[in-house]
Amino acid sequence: MKRPVPLALAAALLAVCSTALATPAQAQERPMLRVSSGAADNATLDPHRATSTADKGVAAQMFDALVQFPAGSADPKALEPDLAERWEASADSKVWTFHLRHGVQFHGGYGELKAEDVVYSIQRAGDPNRSSFAATFAIIDKVEALDDYTVRFTLKYPDATFLGRVSNYHGGNIVSKKAAEKLGDKFGAGPIGTGPFAFGEHVTQQYVKLVANDAYFRGKPKLGGILYRMIPSDSARELAFTSNEIDVMQGKREQRWVERSAKRGMKIDIFEPAEFRTLHLNRNVKPLDNLKVRQAVAAAINVDEIVRYAGKDVADKGCSVVPNGYLGQDCSAGAYTYDVDRAKKLLAEAGYPNGVEIKSVVSNISAQQPIMEIVQAQLAKAGIKLNMEVVDHATYQAKSRQDLSGLVFYGAARFPNADTYLTEFYDSAAAIGAPGAMSNFSHCSVADDAIRQARMEPDAQKQLALWKDAQVKIHGDVCAVPLFGLKQVWARGDRVNYGYALKGALNLQPPITELTTVSTP
């Protein structure tokens with residue numbers, strides 16, 4: 001059944017349907033693109049609250065930011081103007097000034113985008129009571145409107161990569177101040193942005209409909225809108241796709257599915273960012289407190305065999321603890337060399353000539369357990385007995401964050417620069433049990449100085465050098481063994497043209513732009 005719509009929200013939606021958006025007749029003249037991400041429903045379309053892939057993917061079509069990743073790219077070096085047409089940074093990268101485009105209109109008659117909307121949006125995104133991404137903006141000391149089209153940020157410390165924080169990803173999206181204040185916590189059910197598509201309708205567990213924003217500053221969309229259908233079943237979604245009931249769908253990130261689908265003539269897109277799989281070695285658990293034992297574990301793991309299992313098209317071997325393609329990744333230390341005899345020798349030198357036993361809490365999900373069974377068999381060849389406690393995914397998460405696992409297999413995708421990964425997984429301040437605990441399962445601390453200095457280094461080249469130093473030290477201390485990145489897999493019909501080359505998408509699904517088309521059968 002349809003969600004009940006409060007009066008204030010109803011008024012906003014009425015405005016959406018009547019101001020600068022495609023009317024039903026106009027939309028009928030242009031085709032709707034039908035998409036299914038596999039979600040059962042959308043929880044919120046508030047860009048500052050949307051954390052699931054399904055929510056982020058839909059919300060992204062309705063909002064813009066000061067700067068953007070070009071459609072089809074997840075490369076932070078490619079960031080380009082969006083709502084800001086230009087910007088300047090002070091020599092120490094602590095003061096950033098953005099100059100807004102003139103004439104950009106919000107959906108639903110909420111008026112022209114002004115500097116006060118940007119100030120409000122960033123303050124909102126930095127408020128933990130209104131945003132899921134507040135930590136990203138903790139660096140900001142002050143954000144102010146100098147005039148209607150100029151916004152200045154003053155930071156607490158230098159940040160040479162600040163543009164990433166105000167890009168079209170997570171909290172960087174700009175909302176209408178008037179609409180957000182009017183709708184309050186209902187904003188996620190009737191979002192107002194400036195993007196190429198505007199909110200139309202949400203029918204619970206059935207679909208979300210977006211309509212074309214014909215006043216979009218980059219031009220009138222070629223589509224009449226987008227229909228996001230809720231089809232959580234893989235088999236039902238694939239049947240809907242092959243029956244031409246949907247045009248774009250999320251596929252399975254499995255080599256066999258990719259190969260089978262390609263043989264059936266389906267157009268398959270495999271793109272970044274990959275969810276990076278890493279094996280963390282917990283130095284708080286004996287015998288992994290011994291460097292030689294950690295070196296033995298690394299030498300006993302055949303990453304190439306694991307990548308072959310995952311699949312050549314969907315898996316990409318890692319070369320560093322920072323994922324492939326991230327700004328600042330450095331592979332100069334090289335991968336750990338697979339050498340079973342050396343692993344046995346290292347164990348003997350560590351005082352374990354008869355081998356060792358290590359416990360690992362493992363999730364029973366298909367993306368983890370089979371990989372850990374391969375690791376278990378590989379380690380056994382070197383005399384390392386891996387005792388796996390296989391549990392449901394929620395229990396695995398809980399136990400891993402209670403220091404109850406010697407080896408922790410973990411996969412994640414983050415904003416693509418080295419700081420995000422190094423800070424969350426390898427800074428001792430993020431170690432399990434620490435006051436600021438995040439995901440440092442290894443209790444790594446060897447690179448703390450380099451990680452923290454890099455975070456505040458205003459010079460981009462010096463920052464890169466510090467990130468390199470951190471990765472070399474982490475490699476030397478064997479805090480973790482990088483395995484592979486598992487890429488995103490989507491399918492599209494023959495009639496769909498995204499309007500760009502799809503190489504990456506930070507929201508983990510193909511962006512639909514004003515240039516996207518779908519031809520009639």
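All values reported here derive from a predicted model rather than from experimental measurement.

**Re the pattern of salt bridges**
Point 1. Taken as a whole and assessed by the stated rule, the structure comprises 35 salt bridges.
Point 2. In this structure, the salt-bridge partner of Lys286 is Asp289, at a minimum N-O distance of 2.8 Å.
Point 3. With relative accessibility at 66%, the residue Lys286 sits in the exposed group.
Point 4. For Asp289, a relative accessible area of 38% puts it in the partly exposed group.
Point 5. One network of salt bridges, in which partners are shared, links Asp419, Asp427, Asp448, Arg452 and Arg455.

**Quick notes on the confidence of the model for the protein**
For residues with low pLDDT, the predicted coordinates do not support detailed interpretation.
Point 1. Scored by pLDDT, the protein has a mean of 92; 95% of the residues are at 70 or more.
Point 2. Note on residues 1-18: pLDDT under 50 across the span, and 29 contacts to partners over four residues away in sequence or across chains.

**Considerations on the packing of aromatic side chains**
Point 1. Counted by the stated rule, this structure contains 15 aromatic pairs.
Point 2. With 5.0 Å between their ring centres and 50 degrees between their planes, Tyr410 and Phe441 make a pair best called tilted. Taken together, the residues Tyr410 in strand β16 (residues 407-412) and Phe441 in the loop between α13 (418-426) and α14 (448-455) connect sequence positions 31 residues apart. Here Tyr410 matches Phe441 in class, with each residue buried.
Point 3. Measuring from ring centre to ring centre gives 5.7 Å for Tyr498 and Tyr500, while their planes differ by 15 degrees; the resulting arrangement is stacked.

**Examining the sheet that holds strand β7 (residues 150-155)**
Point 1. Taken together, the 4 strands give an open sheet; going across it, the order is β4-β5-β7-β6, and neighbouring strands pair in antiparallel fashion. The open sheet has two free edges, formed respectively by β4 (84-89) and β6 (140-147), since each of these has just one partner strand. Each neighbouring strand pair of the sheet contributes to a mean axis angle of 20 degrees, computed without reference to strand direction.
Point 2. Direction of pairing for β6 relative to β7: antiparallel, over a ladder of 6 bridges. In the strand pairing of β7, Ala145 is matched with Val151.
Point 3. In this fold helix α4 (residues 115-125) packs onto β5 (95-100), β6 and β7, with an angle of close to 165 degrees to the strand it touches most, β6.

**Some words on the nonpolar core**
Point 1. Formed by 66 residues in total, the largest nonpolar core has its most connected members in Phe98, Ile122, Ile140 and Phe153.
Point 2. With 6 residues, α4 is the single largest residue contributor to this core.
Point 3. Apart from residues lying up to four places away in sequence, Phe153 is in contact with Leu66, Lys94, Val95, Trp96, Phe98, Ile122, Ile140, Lys142, Val143, Phe162 and Val166.

**Some words on the pairing of strand β15 (residues 384-391)**
Point 1. Examined bridge by bridge, strand β14 (residues 356-363) and β15 share 8 bridges and lie parallel to one another. Each bridged residue has a counterpart across the sheet, and for Ser360 the counterpart in β15 is Met388.
Point 2. Read as a crossover between parallel neighbours, the route from β14 over helix α11 (residues 369-381) to β15 is right-handed.

Each value, and the rule that gives it
Counting starts from 1 at the beginning of each chain's written sequence and moves along it residue by residue. At least 70 in pLDDT is required for a residue's local features to be given in this predicted model, at least 80 for side-chain atom pairs to be given and counted, and no such filter applies to totals for whole chains, interfaces and linings, which use all residues. Processing note: side-chain calculations cover all non-hydrogen atoms of the structure and skip hydrogens and water entirely. Salt bridge, as used here, is a side-chain nitrogen of Lys or Arg placed within 4 Å of a carboxyl oxygen of Asp or Glu. Buried, partly exposed and exposed residues are distinguished by accessible area as a fraction of the type maximum, computed with a 1.4 Å probe on protein chains only: under 20%, between the cut-offs, and over 50%, respectively. pLDDT is a per-residue confidence score from the predictor, ranging from 0 to 100. Note on contacts: a residue pair qualifies if any of its non-hydrogen atoms lie within 4.5 Å across the two residues. Pairing of aromatic side chains requires ring centres within 6.5 Å, counting the rings of Phe and Tyr and the six-membered ring of Trp. Pairs whose planes differ by under 30 degrees are stacked, by over 60 edge-to-face, and all others tilted. Runs of E in the DSSP output that reach at least two residues are strands. Runs of H or I that reach at least four are helices, and both are numbered from the N terminus. Note on pairing: DSSP must find at least two bridges between two strands before they are called paired. Axes, fitted as lines to C-alpha atoms, cover a helix only where it is in contact. Angles between the N-to-C directions of the axes lie from 0 to 180 degrees. We call a set of buried residues a nonpolar core when its members are Ala, Val, Leu, Ile, Met, Phe, Trp, Tyr or Cys and they connect through side-chain atoms within 4.5 Å of each other. For the handedness criterion, the strands are oriented away from the viewer, and a crossover whose path from the first strand over the helix to the second runs clockwise is classed as right-handed.

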